[in-house]
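Residue-level listing of the chains:
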Amino acid sequence: MLFLGIFTALASPTARAQSWSTLNSGVDTNLRGISAAKIPSSEHIAIWASGSHGVILRSLDDGATWSRLSVPGQPELDFRGIVAFDDKTAYLMSSGAGNQSRIYKTMDGGSTWELQYTDVNNAFFLDCIACSAQTNCFALGDPLRGRFLILQTIDGRRWNPLPPQNLPTALDKEGAFAASNSNLLAESENEMFVVTGGLAARALHTSDGGKSWSASAVPIAADNASSGVFAIARADDGRLIAVGGDYVNPGTALRIAAFSEDHGKSWQSPAQQPAGYRSSVVALDAQTFIAAGPGGSDVSRDAGQHWTAFSTLALNALFRLDAQHVYAVGSKGTVAQFNLSDAK
């Protein structure tokens, strides 16, 4: 069993209080992938996390105990994305140049991993993996020959690039970040959003399986190679929230978040920004959003218009299973669960 501890950071007094409970820490890895799923025929939740140094963590009892998994012979891959469907089935994505970027899948709880996709081209670099169903998934890669790379599987086994003539054209020095596995939002087999960074901050959208794309500017900092949009999330009512900033200057609290009320056609800046660079965001409901990054976490209770900091726990990525089960990961093997309770 790995180290189990508790960390709590309460917000200033409000109608409700927010905190993070640390489920696991003390592992030599920077975790950037987090996913969770209900275990069939069980009351428990399987939580999967992944990160640097080939680390894969899994809990089958809601985070009480943890086991460490691995891909045989690949101790140094940087697993920046994971998507789980139950206690047995998960996709795993590593990031890095050329064949250091890979997509694996397990169907036996991590006992074996099938390598499903990689490329020896040194310009090949995967940033994010997302699924709308177990057999329908997308993976986003850095631009190749001026166009973003998007892979898709429709059978859960074979991955193929979308036709290059249909892929969105990247602007000069525009790219994507492999920071939190949350800059690709897969809504269905045909619809997805991609958010970008570098010297451009945009939201790219397709509703026809990647045959055509629209693009809209997002008012988030995009002043250099380390800034831009890092994550996108959708509320049940369709509102979109994006977060980012500059990871080299994480304390700068300018142009960190934006929201869209028209399905990504246009974006607005909030009246009150998060406290600094944020690499991930999730929606609890139509009004409540959480954003997190290495500098801490913020909550918005008015659909992204005002943000309030509530924790300084360093986190990289968030995952929402449902409104009661939101998880986060960060450095030193940290896995945490979000708590929302009535203040006394």
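All values derive from a computational prediction rather than experimental measurement.

So, how was this worked out
Residues numbered from 1 in each chain as written. Predicted model: local features only at pLDDT ≥ 70, side-chain atom pairs only at ≥ 80, totals over all residues. Heavy atoms only, no water. Helix = DSSP H or I, 4+ residues; strand = E, 2+ residues; numbered from the N terminus. Rg over C-alpha atoms; globule rule 2.2 N^0.38 Å. Buried < 20%, exposed > 50% of the residue type's maximum accessible area, 1.4 Å probe, protein only. Contact = heavy atoms within 4.5 Å. Areas by Shrake-Rupley, 256 points an atom, 1.4 Å probe, with all protein chains shown as cover. Pairing = 2+ DSSP bridges. Axes fitted to C-alpha atoms, helices over the stretch in contact; angles between N-to-C directions. pLDDT = per-residue confidence, 0-100. Polar contact = N/O pair within 3.5 Å; in protein donor to acceptor, adjacent residues only side chain to side chain. Salt bridge = Lys/Arg side-chain N within 4 Å of Asp/Glu carboxyl O. Phe/Tyr/Trp six-rings, centres within 6.5 Å; stacked < 30°, edge-to-face > 60°.

Draft legend 1. Spatial organisation of the overall build of the protein chain. Within the protein chain one finds zero helices and 29 strands. What you see for the protein chain is a C-alpha radius of gyration of 18 Å, in line with the 20 Å of a compact globule of 344 residues. Seen along its three principal axes, the alpha-carbon backbone of the protein chain occupies a region of about 55 × 45 × 35 Å. The buried share among the 344 residues of the protein chain stands at 58%. Pairs at least 24 residues apart make up 50% of the contacts formed inside the protein chain by residues separated by at least 6 positions. Carbon and sulfur atoms form 50% of the exposed surface of the protein chain, whose accessible area is close to 13600 Å².

Draft legend 2. Summary view of the sheet that holds strand 24 (residues 289–293). A sheet is described by the order of its strands in space; here four strands give the open sequence 23-24-25-26, paired in antiparallel fashion. Strands at the two margins of the open sheet, each flanked by one partner only, are strand 23 (280–283) and strand 26 (308–311). Between one strand axis and the next, the sheet turns by 25° as a mean value, whatever way the strands run.

Draft legend 3. Expanded view of the confidence of the model for the protein chain. Scored by pLDDT, the protein chain has a mean of 94; 94% of the residues are at 70 or more. Across residues 1–14, where pLDDT falls below 50, the model places 36 contacts with residues more than four positions away in sequence or in other chains.

Draft legend 4. View of the side chain of Asp86. Along the chain, Asp86 falls in the loop between strand 6 (78–84) and strand 7 (90–95). In this structure the side chain of Asp86 is engaged in a polar contact, spanning 2.7 Å, whose partner is the backbone nitrogen of Lys88. Among the polar contacts listed, one links the side chain of Asp86 to the backbone nitrogen of Thr89, at a separation of 2.7 Å. If sequence neighbours within four positions are ignored, Asp86 has contacts with Ala37, Lys38, Pro40, Ala46 and Trp48.

Draft legend 5. Unusual backbone geometry, seen in detail. Within the chain, Ser41 stands out as a residue other than glycine whose phi angle is a positive 60°. Judged by its relative accessible area of 87%, Ser41 falls in the exposed class. For His53, which is not glycine, the phi torsion reads 60° and is therefore positive. Secondary-structure assignment places His53 in the loop between strand 3 (45–51) and strand 4 (56–59).

Draft legend 6. Representation of the sheet that holds strand 3. With antiparallel pairing, four strands are arranged side by side in an open sheet as 2-3-4-5. Every interior strand has two partners, whereas the edge strands, strand 2 (31–38) and strand 5 (67–69), have only one. Adjacent strand axes in the sheet meet at a mean angle of 20°, parallel and antiparallel pairs treated alike. In this structure, strand 2 lies alongside strand 3, joined through seven bridges in antiparallel fashion. Along strand 3, the bridge assignment pairs Ile34 with Ala49.

Draft legend 7. Molecular detail of the pattern of salt bridges. Tallied over the full model, the rule gives seven salt bridges. Note that Arg234 is salt-bridged to Glu187, the shortest N-O span being 3.0 Å. In this pair, Arg234 sits in strand 20 (residues 227–234) while Glu187 sits in the loop between strand 15 (184–186) and strand 16 (192–195), placing the two residues 47 residues apart along the sequence. Here Asp298 ties to Arg278 by a salt bridge, and the two come within 2.4 Å at their closest N and O atoms. Taken together, the positions of Asp298 in strand 25 (residues 296–300) and Arg278 in the loop between strand 22 (257–260) and strand 23 put the pair 20 residues apart, joining distant regions of the chain. By relative accessible area, which is 1% here, Asp298 ends up buried.

Draft legend 8. Region of interest: the packing of aromatic side chains. Inspection of the entire model under this criterion finds 13 aromatic pairs. When the ring of Trp48 is compared with that of Trp113, the centres are 6.5 Å apart and the planes differ by 90°; the resulting orientation is edge-to-face. Of this pair, Trp48 sits in strand 3 while Trp113 sits in the loop between strand 8 (102–106) and strand 9 (114–118), and the two are 65 residues apart along the sequence. Each member of the aromatic cluster is reached from another via a ring pair, and the members are Phe177, Phe230, Tyr247 and Tyr277.

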